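Secondary and tertiary structure notes
Listed below, chain by chain, are the residues.
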Amino acid sequence: MDNQPYYRETWAEINLDAIEQNIKSFKRHVPSHVSVMAVVKADGYGHGAVATAEAALRAGASYLAVAILDEALALREEGITAPILVLGWVPPVHAKIASDYKITLTVFQTDWIEQAAVVLDDLTLTIHLKIDTGMGRLGIRTEKEAKLIVECLEKYPGFMVEGLYTHFATADELDNLFIESQLTAFEEMATYFEREGIRPRWTHLGNSAGSIRLPDRIGNLIRVGIAMYGLHPSQEMKLNQPFKLEPAFSLHSQLVHVKQMNGGEPISYGSTYRTNEGEWIGTVPIGYADGWIRKLKDSYVLINGKRAPIVGRICMDQFMVRLPGKTKIGAPVTLIGYQGSEEITIDDIAERLETINYEIPCMIGPRVPRIFLQNKEKKGVMNTILKK
Ligand SMILES: *Cc1c(COP(=O)(O)O)cnc(C)c1O
């Protein structure tokens, strides 16, 4: 076998220049004392965690964030030495692994501290305390809980409190009322911890939406996820975006079969589509197992700069399209991205699926290789299936 990294004709292109640009735009948008934490959980929102983390760091991000410990360890295994915060709850028995790999954990329970202290013995662990100011998900909720945390931390000097943070529930909506209540609640908690001698280096409140809207009121670190990939946190915010976001993700394939049909011939499972006389039908080798789900059956792709509707049901690995005319096998098919003056955006797909843009690149599975572009050149390929 030669050492081609993959053998299929379907791939996602990840424009790392766009990611660098977006991080730089955030750095310009916030005051100079505010640093950027690049959120690369869920394999960099489906863009590839390692390459996007490296791009963000090149552009000046100071910290990385992931959802689970495994994601943090995977970045360390790839040689990334930047600080990494795990945003989710990590089982306290794994505190030692986190300590060994210099991974920062999110903490908000006294029982957790007690249990982690046992496995840590005399090792140290860097932690960020999480405050629940209205998201109702994770975090310390009351001053009473905060007091117990402070007492517990006094017992165990191995925990280094490096950060204090919270998460907004409604930052992507235009109404500010609830954010204001969360800001106030956070302020009160921060004041309490400060009185108790806990003055962490980092305070952080803003996700992409919060950081775009309140750049000077969200602490000294911003947690940028969706917008680093060039996507708007919500459609409302798209209309009020103060700087340009450059989408990084596009999805491509090629026609692998083309044929001219007689009238009334069936296409795909269930024979739900029947051809018109003389119609040209093409086959595209991507299907629901790749994340191009069956609900997309009424959408279209771009071929030769024109829209070609999907016809019949989407299969596990392929679907069929109606072509404007005879078309070459191997003709490029764009599922997300530009062809000529036509464009299909991630937002278009999200709207069609009645969901948010966040879900779309996450949905494109590991069987689709990611090709990374840097300085407009191909800069490596990641195929989760074939790797290792
Ligand atoms: C995912 C996540 C973020 C990033 O949010 P975006 O809206 O994608 O910017 C920030 N903070 C926490 C706690 C998260 O879980």
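One structure accompanies this document, and this report is about it.

With that settled, the discussion passes to the pairing of strand β5 (residues 103-107). Within β5, five of the five residues are buried, which leaves the element mostly enclosed by the surrounding structure. Taking every second residue as pointing to the same face, both faces of β5 are buried, with I103, L105 and V107 on one and T104 and T106 on the other. Direction of pairing for strand β4 (residues 84-86) relative to β5: parallel, over a ladder of three bridges. Within β5, the position partnered with I84 by the bridge is I103. As a crossover connection, the stretch from β4 through helix α5 (residues 95-100) into β5 is right-handed. Bridge analysis of β5 against strand β6 (residues 125-130) gives three bridges, and the strand direction is parallel.

A few words now on the pairing of strand β15 (residues 300-303). Going residue by residue along β15, you find Y300 and L302 tucked away on one face and V301 and I303 tucked away on the opposite face as well. Bridge analysis of β15 against strand β16 (residues 306-311) gives four bridges, and the strand direction is antiparallel. Within β16, the residue paired with I303 across the bridge is K306. Connecting β15 to the antiparallel partner β16 that follows it, the hairpin turn spans two residues, and N304 within it adopts a positive phi of roughly 50°. In this structure, β15 lies alongside strand β18 (residues 332-339), joined through two bridges in antiparallel fashion. Looking at the pairing, L302 lines up with T334 of β18.

Another aspect to go through is helix α3 (residues 49-58). The complete set of buried residues in α3 reads A49, A51, T52, A53, A55 and A56. Phi turns positive, to about 110°, at G60, one or two residues after α3.

What follows is about the pattern of salt bridges. Taken as a whole and assessed by the stated rule, the structure comprises 14 salt bridges. Between E151 and K147 there is a salt bridge, with the nearest N and O atoms lying 3.0 Å from each other. Placement of both E151 and K147 in helix α7 (residues 143-155) is noted, with a separation of four residues, approximately one turn of the helix. Of the residues examined, E151 reaches a relative accessible area of 38% and is grouped as partly exposed. Here R307 makes a salt bridge to E342, at a shortest N to O gap of 3.2 Å. Residue R307 is located in strand β16, and its partner E342 is located in strand β19 (residues 342-344); the two are separated by 35 residues in the primary sequence. With a relative accessible area of 47%, R307 lands in the partly exposed category. For E342, a relative accessible area of 22% puts it in the partly exposed group. Linked through salt bridges whose partners overlap, the residues forming this network are R8, D290, D317 and R367.

Rules and cut-offs
- Residues numbered from 1 in each chain as written.
- Predicted model: local features only at pLDDT ≥ 70, side-chain atom pairs only at ≥ 80, totals over all residues.
- Heavy atoms only, no water.
- Buried < 20%, exposed > 50% of the residue type's maximum accessible area, 1.4 Å probe, protein only.
- Helix = DSSP H or I, 4+ residues; strand = E, 2+ residues; numbered from the N terminus.
- Pairing = 2+ DSSP bridges.
- Right-handed = clockwise from strand over helix to strand, strands pointing away.
- Salt bridge = Lys/Arg side-chain N within 4 Å of Asp/Glu carboxyl O.

Keep in mind that these numbers describe shape and distance, not what the molecule does.
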